[in-house]
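# Descriptive structure summary
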Amino acid sequence: MAEIQIRNVAKTFGAYRALRDINLTIADQEFMVLLGASGCGKTTLLRIVAGLETATTGEVWIGGRRVDHLPPKDRGIAMVFQNYAVFPHLTVFENIGFGLRMQKLPETEVRLRVERCATLMHIEQLLKRYSGELSGGQRQRVAVARALAMEPDVILMDEPLSNLDALLRLEMRAELKGVLAESRTTAIYVTHDQVEAMSLADRISVMYQGRIVQAATPIEVYRNPGTEFVAGFIGNPPMNFLSAEPLGQGKWRVAGQEVTGPVIADPLKFAIRPEDLVPGDAGLPATARIVEPLGAHLLVTCDVDGSMFRAVLDSDLKVSPGDRLTLTPQSDRIRWFDPETTRAVA
Ligand code: ATP
């Protein structure tokens, strides 16, 4: 059992508050992704769990044991960081077995584990090569294999795929997901890449300015973003927003059209994803400005009620800049946000 609990963790660097009251429980064997823009505190939080950084206040528990006073080596964790510290003067075998030999495991056990993890990462043919001779992607695999060979309860990864080219990144992403599910390891994975987060995570914690603003499954974060920030951050292109005036009894005026929504007396923001719009006879009046054929879809940037609005439409549609369209929002996909608090309204 390796549940991780982060309790009331805050971190200040001088006067700067990098983390504010973080509370998060990561279930045994769960794959948790910390996602957010540069500087939001992801790496700091991971380093606090690892023991490479001390929290200013708060506690970290792993497997029912309070660990925030323990050094990294006593926390039952393995780490894979962006600038993977693979020793160039050691062979792949020696690199993967490094931690195991440090633990003075019998050589037969070292060999068994190294070979198994190398096979998992598809680098078994490289075991005799010096790591300095490998490509970035191969070295990355060595770093992951070395972490897995320790058979840790918890694996912590900080942008482990960031140095790979797009294709290799895609391939490694799928491999990592399979390997970690198989090894039943609890994982925390830091990235600023939302596609990577969506594809890997059991749950995503979206961070913003030192706080976790939403922790939920990828589909929940995507379909029901808790705040305007999450709505704008997740999804590419991001959600569209329009101001909505209450007409009473759950009726709203949006871009001159009547739309059904929550029964609230104060103005709200209406939100819809670009892919949840279809051209129809009734709906939001739009003027196409930019038309981008993306192969699978047509991305149309339009003007709706003076606001920029994007629609992802069927690639067979003929749309040219200047065309007038009527975009029908799929009613069950409409979301509403309070402009004061920026929070989602049910
Ligand atoms: P990135 O994706 O760019 O790595 P991040 O979300 O991981 O960003 P952190 O590295 O956790 O962000 O940094 C959070 C904030 O804390 C940043 O504003 C950073 O400048 C600050 N910070 C981090 N480490 C230190 C330090 N040792 N001293 C002072 N400030 C720091």
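So, a few notes on the structure that sits alongside this text.

A word on the sheet that holds strand 15 (residues 277-293). Read from one edge of the open sheet, 4 strands run 17-16-15-18, paired in antiparallel fashion. A single partner strand is all that each edge strand has here, and the edge strands are strand 17 (307-314) and strand 18 (324-329). On average, each strand axis in the sheet is tilted by 55° relative to the strand beside it, whichever way the strands run. Pairing analysis gives 8 bridges linking strand 16 (residues 297-304) to strand 17, with the strands arranged antiparallel. Opposite Leu-298, over in strand 17, you have Leu-313 as the bridge partner.

Topologically, Val-114 is positioned in helix 3 (residues 107-120). Remark: the alpha-carbon pair of Val-114 and Glu-245, spanning 131 residues in sequence, is separated by 63 Å. The residues contacting Val-114, other than those within four sequence positions of it, are Phe-93, Ile-96, Gly-97, Leu-100 and Leu-127.

Here we take up the packing of helix 2 (residues 92-102) against helix 4 (residues 136-149). The interhelical angle for the contact between helix 2 and helix 4, taken along N-to-C directions, is 30°, at an axis separation of 8 Å. It follows from the interaxial angle that helix 2 and helix 4 lie roughly parallel. For the crossing formed where helix 2 meets helix 4, the hand is right-handed. Each of Val-92, Asn-95, Ile-96 and Leu-100 in helix 2 lies in contact with helix 4, whose residues at this interface are Val-142, Ala-145, Arg-146 and Ala-149. For the contact of helix 2 with helix 4, the class distribution of residues is 6 nonpolar, 1 polar and 1 charged.

Quick look at the site of the ligand now. Every residue near the ligand is listed here: Phe-13, Tyr-16, Ala-18, Ala-37, Ser-38, Gly-39, Cys-40, Gly-41, Lys-42, Thr-43 and Thr-44. Between the ligand and the protein, one listed contact pairs an oxygen atom with a side-chain N or O atom of Tyr-16 at 3.3 Å. In this structure, an oxygen atom belonging to the ligand sits 2.7 Å away from a side-chain N or O atom of Thr-43. Contact with the protein chains removes 58% of the 640 Å² of surface that the ligand exposes when unbound. Where the shell around the ligand is concerned, the elements lending two or more residues are strand 2 (16-26) and helix 1 (42-50). Examining the composition of the shell around the ligand, we find that 3 residues originate from one element, helix 1, more than from any other. Looking at side-chain class alone, the shell around the ligand contains 5 nonpolar, 5 polar and 1 charged residues.

A few words now on the sheet that holds strand 20 (residues 344-345). The strand order across the open sheet formed by 6 strands is 13-12-11-14-19-20, and the pairing between neighbours is antiparallel. Because the sheet does not close on itself, it has two edges, and the strands there are strand 13 (257-260) and strand 20. Pairing of strand 11 (residues 240-248) with strand 12 (residues 251-254), which is carried by 4 bridges, proceeds in the antiparallel orientation. Of the residues in strand 12, the one forming a bridge with Glu-245 is Arg-253.

The subject of this paragraph is helix 2. Inspection of helix 2 places Val-92, Phe-93, Asn-95, Ile-96, Gly-97, Gly-99 and Leu-100 among the buried residues, and these make up the whole buried set. Along its buried surface, helix 2 packs onto helix 3 and helix 4. Lys-104 sits one or two residues past helix 2 and shows a positive phi near 60°.

Ranked by internal contacts, the top residues of the largest apolar core, which has 48 residues, are Ile-96, Ile-123 and Met-157. A total of 7 residues in this core trace back to one element, the largest contributor, which is helix 4.

Each value, and the rule that gives it
Residues numbered from 1 in each chain as written. Predicted model: local features only at pLDDT ≥ 70, side-chain atom pairs only at ≥ 80, totals over all residues. Heavy atoms only, no water. Pairing = 2+ DSSP bridges. Helix = DSSP H or I, 4+ residues; strand = E, 2+ residues; numbered from the N terminus. Axes fitted to C-alpha atoms, helices over the stretch in contact; angles between N-to-C directions. Contact = heavy atoms within 4.5 Å. Parallel < 35°, antiparallel > 145°, perpendicular 65-115°, else oblique. Left-handed = near helix turned anticlockwise from the far one by under 90°. Nonpolar A, V, L, I, M, F, W, Y, C, P; charged D, E, K, R; others polar. Near = heavy atom within 4 Å. Polar contact = N/O pair within 3.5 Å; in protein donor to acceptor, adjacent residues only side chain to side chain. Areas by Shrake-Rupley, 256 points an atom, 1.4 Å probe, with all protein chains shown as cover. Buried < 20%, exposed > 50% of the residue type's maximum accessible area, 1.4 Å probe, protein only. Core = buried A, V, L, I, M, F, W, Y, C linked by side-chain atoms within 4.5 Å.

By themselves, these are just geometric observations and shouldn't be taken as functional.
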